[in-house]
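The lines below spell out each chain.
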Amino acid sequence: MATIGKIKNFFFRSGAKLISATPRGRGVIESAEPVRLDSAELSLTLSTVYRCAAFLSDSVAKLPLLYEKKQDGIFTAQEDTTAWLLRLSPNEYTSGFDFWRQLIFTTLFHGEAYIVPQYSEITGRLMRLVLCSPHTAHRVSLGRYLVEDMSQGLTSREYDETDIIRIKGRTLNGLDGVSVIRFASTVTSIAGTADRNTLTTFANGGTSMGFITNEQGTPGFGEYQTSALQAMADDMSAHIRKGTRVFAVGGKAQYHSFSMTAADMQALETRKFTVRELCRFFGVHPSFVFDDTSLNYKSAENAYSSFLTDTLCPMLRQIENELTRKLIPSTQWGKRRFRFAEEELYAADLESRMRYTEKRIQTGTMTVNEARASMGMKGVEGGDIPLISANLRPVSEAGAATDISKTNDKTDKDE
């Protein structure tokens, strides 16, 4: 019995030493659990998420937001305090570009963004627009919102629906916005886990995982042999769960590898898969996040056109609609409006801008001097007259011209 006890203690002591003495670092996977990237800070460590968010937010921020009033039946851009706040400086701490870019970022990664408009107590005019920091504002009941953002100078206060501007993401109940990251949590976890495993593979120099066995079996007899084998199996399971790459079993040993290479796991294909999946969630074509998809000029043009129509336009309309609801009285609806100058999307694409300007001049929707003024050039004499292409004529005129031609031909024959 004493001999059996010594052997039993030997196995348990050996297992304890193997677990406690296993070095953490080279040759060890820290965790076999999947990586969870369900927060804004963590998800932005993925290059695809960062680029999609940057592309969307920059696309909105670079568009001037115009405040227009209808004069003589035409909406004309205003240059007053409201226009200054919307385009250049919503408050003394933020520029207009940074303000709208951060609004989109907050909506994408937190599901909701809140803007508190502040008015003059004397004149009642709009004086500031404050974008609340994430998680400092939330809905407490239907039509009531609690805001407490000391970093922006907003003390704890409840606001009515009409007193706060709220931009929300996709919603499941019609009231509370949900972030894109929450919907894409599974894909971000796959991408994060793949990145973690790639890092581990490089950090360990491609060290393989495996186990060691012996050919003589386990020392002992009867029930003790069975319990010893079970103890060894439990010990091996503990090592596998910890991520130990090589562990000993005892006796005459033989090493067996059970790890897979990066090629076996199709790591590259997995990384490509996550890029496409994340682009689907954000509504951004893979070419805009520098995916290696082969594109020609026509497909790239179609991709950008689809982005403007299906992704960017709904975001712009949502912001315009919310600003109109909260900043313009219902009695002034149809006489005032907020509008993003979407024509500025092609400001840096000179060829597309010239084609756009040329078409407007040919159709009479822009004069030559207006086109020159948009490019910072002085007007020319006669440039204020609207022009129209003469290549097309009404059908009635074409018929009249044919009759005149026939009459002239008959007159020539008579003569």
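Just above sits the structure.
This structure is a prediction, so every number in the text was calculated from the model and none was measured. Sequence order as written defines residue numbering, which begins from 1 separately in each chain. Residue-level local features of this predicted model are given only where pLDDT is at least 70; pairs of side-chain atoms are given and counted only at 80 or more, and the full residue set underlies all totals for whole chains, interfaces and linings. Only hydrogens and water are set aside; all other atoms, that is, all heavy atoms of the structure, feed into the side-chain values.

Caption draft 1: Spatial organisation of the pairing of strand S2 (residues 74–77). When strand S1 (residues 65–71) meets S2, the two strands line up antiparallel, connected through four bridges. Each bridged residue has a counterpart across the sheet, and for Gln71 the counterpart in S2 is Ile74. Whether two strands pair comes down to DSSP finding at least two bridges between them. In this description a helix means any DSSP run of H or I spanning at least four residues, a strand means any run of E spanning at least two, and both kinds are numbered starting from the N terminus. Remark: two residues form the turn of the hairpin made by S1 and S2, two consecutive strands paired antiparallel; Asp72 in that turn has positive phi of roughly 55 degrees.

Caption draft 2: Inspection of the pairing of strand S5 (residues 137–141) at higher detail. As defined by bridge partners, S5 adjoins strand S6 (residues 144–149) across four bridges and the pair is classed as antiparallel. Residue pairing across strands places His138 opposite Leu146, the latter belonging to S6. Here S5 hands over to S6 after two residues, with Gly143 in that stretch at a positive phi of 80 degrees.

Caption draft 3: Main features of a nonpolar patch on the surface. Only residues whose relative accessible area exceeds 30% and that take part in no salt bridge are eligible for patches, with like-charged residues grouped when within 9 Å of each other and nonpolar side chains (Val, Leu, Ile, Met, Phe, Trp, Tyr) grouped when within 5 Å. Every accessible area reported is derived by Shrake-Rupley at a probe size of 1.4 Å, with residue values counting cover from the shown protein chains alone. Salt bridges are counted wherever a side-chain nitrogen of Lys or Arg sits within 4 Å of a carboxyl oxygen of Asp or Glu. Nonpolar side chains collect at one region of the surface, where Leu172, Phe183 and Phe281 lie side by side and expose about 300 Å² of accessible area between them. Inspection of the secondary structure puts Leu172 in the loop between strand S9 (170–171) and strand S10 (177–178). Taking the relative accessible area as the measure of exposure, Leu172 reaches 63% and is therefore exposed. Using a 1.4 Å probe on the protein chains alone, a residue whose accessible area is under 20% of its type maximum counts as buried, one over 50% counts as exposed, and one in between counts as partly exposed.

Caption draft 4: View of unusual backbone geometry. Phi at Asp72 takes a positive value of approximately 55 degrees, unusual for a residue other than glycine. By the secondary structure assignment, Asp72 is in the loop between S1 and S2. Exposure remark for Asp72: the relative accessible area of 82% places this residue in the exposed category. Unlike most non-glycine residues, Phe290 shows phi in positive territory, near 65 degrees. Assignment of secondary structure puts Phe290 in the loop between helix H9 (267–282) and helix H10 (297–327).

Caption draft 5: Representation of the environment of Leu129 within the structure. Inspection of the secondary structure puts Leu129 in strand S4 (residues 126–131). Given the relative accessible area of 1%, Leu129 is considered buried. Measuring from C-alpha to C-alpha, the distance between Leu129 and Thr94 comes to 9.6 Å, with 35 residues separating the pair along the chain. Contacts of Leu129, omitting those with residues within four sequence positions, involve Leu85, Leu86, Pro90, Asn91, Phe99, Ile115, Val116 and Pro117. Throughout, a contact is declared for two residues whenever any of their heavy atoms are within 4.5 Å.

Caption draft 6: Structural context of the environment of Ile361. Note that Ile361 resides in helix H11 (residues 350–362). As a C-alpha pair, Ile361 and Ile388 span 27 residues in sequence and 7.0 Å in three-dimensional space.

Caption draft 7: Spotlight on the pattern of salt bridges. Under the defined criterion, the tally for this structure stands at 17 salt bridges. The salt bridge partner of Arg280 is Glu277, with a shortest N-O separation of 2.3 Å. Pair noted here: Arg280 and Glu277 are both in helix H9, with a separation of three residues, about one helical turn. What makes Arg280 exposed here is its relative accessible area of 58%. The network of salt bridges with common partners includes Glu112, Arg139, Arg166 and Asp176.

Caption draft 8: Molecular detail of the side chain of Thr48. Among the secondary structure elements, Thr48 is positioned in helix H3 (residues 47–61). Beyond its immediate stretch of four places on either side in the chain, Thr48 contacts Val275, Leu278, Cys279 and Val289.

Caption draft 9: Summary view of the sheet that holds S4. With antiparallel pairing, the three strands of this open sheet are ordered in space as S4-S3-S8. Among the strands making up the open sheet, the edge pair consists of S4 and strand S8 (165–168). On average, adjacent strands in this sheet sit at an angle of 20 degrees to one another, irrespective of strand direction. Across four bridges, the pairing between strand S3 (residues 112–119) and S8 is antiparallel. Opposite Ala113, over in S8, you have Ile167 as the bridge partner. For helices, the fitted line uses only the C-alpha atoms of the stretch in contact; every axis is such a line through C-alpha atoms, and the angle between N-to-C directions lies from 0 to 180 degrees. Along the sheet, helix H5 (residues 96–110) contacts S3, S4 and S8; its crossing angle with S3, the most-contacted strand, is approximately 140 degrees.

Caption draft 10: Region of interest: H11. Between the first and last residue of a helix there are one fewer steps than residues, each counted as 1.5 Å, and that sum is the expected span. Helix length check: H11, at 13 residues, gives a terminal C-alpha distance of 18 Å against a target of 18 Å (1.5 Å per residue), a fit within 8%. Phi turns positive one or two residues past the end of H11, at Gly364, with a value near 80 degrees.

Caption draft 11: Molecular detail of the nonpolar core. Among buried residues, the Ala, Val, Leu, Ile, Met, Phe, Trp, Tyr and Cys ones that are joined through side-chain atoms within 4.5 Å form a nonpolar core. Grouped together as the largest cluster of nonpolar side chains are 56 residues, with contacts concentrated most on Trp100, Phe282, Val284, Ile319 and Leu323. Of the residues forming this core, the biggest block, nine residues, is contributed by H10. If you look at the next biggest cluster of nonpolar residues, it comprises 10 residues, including Val116, Ala137, Tyr145 and Leu154.

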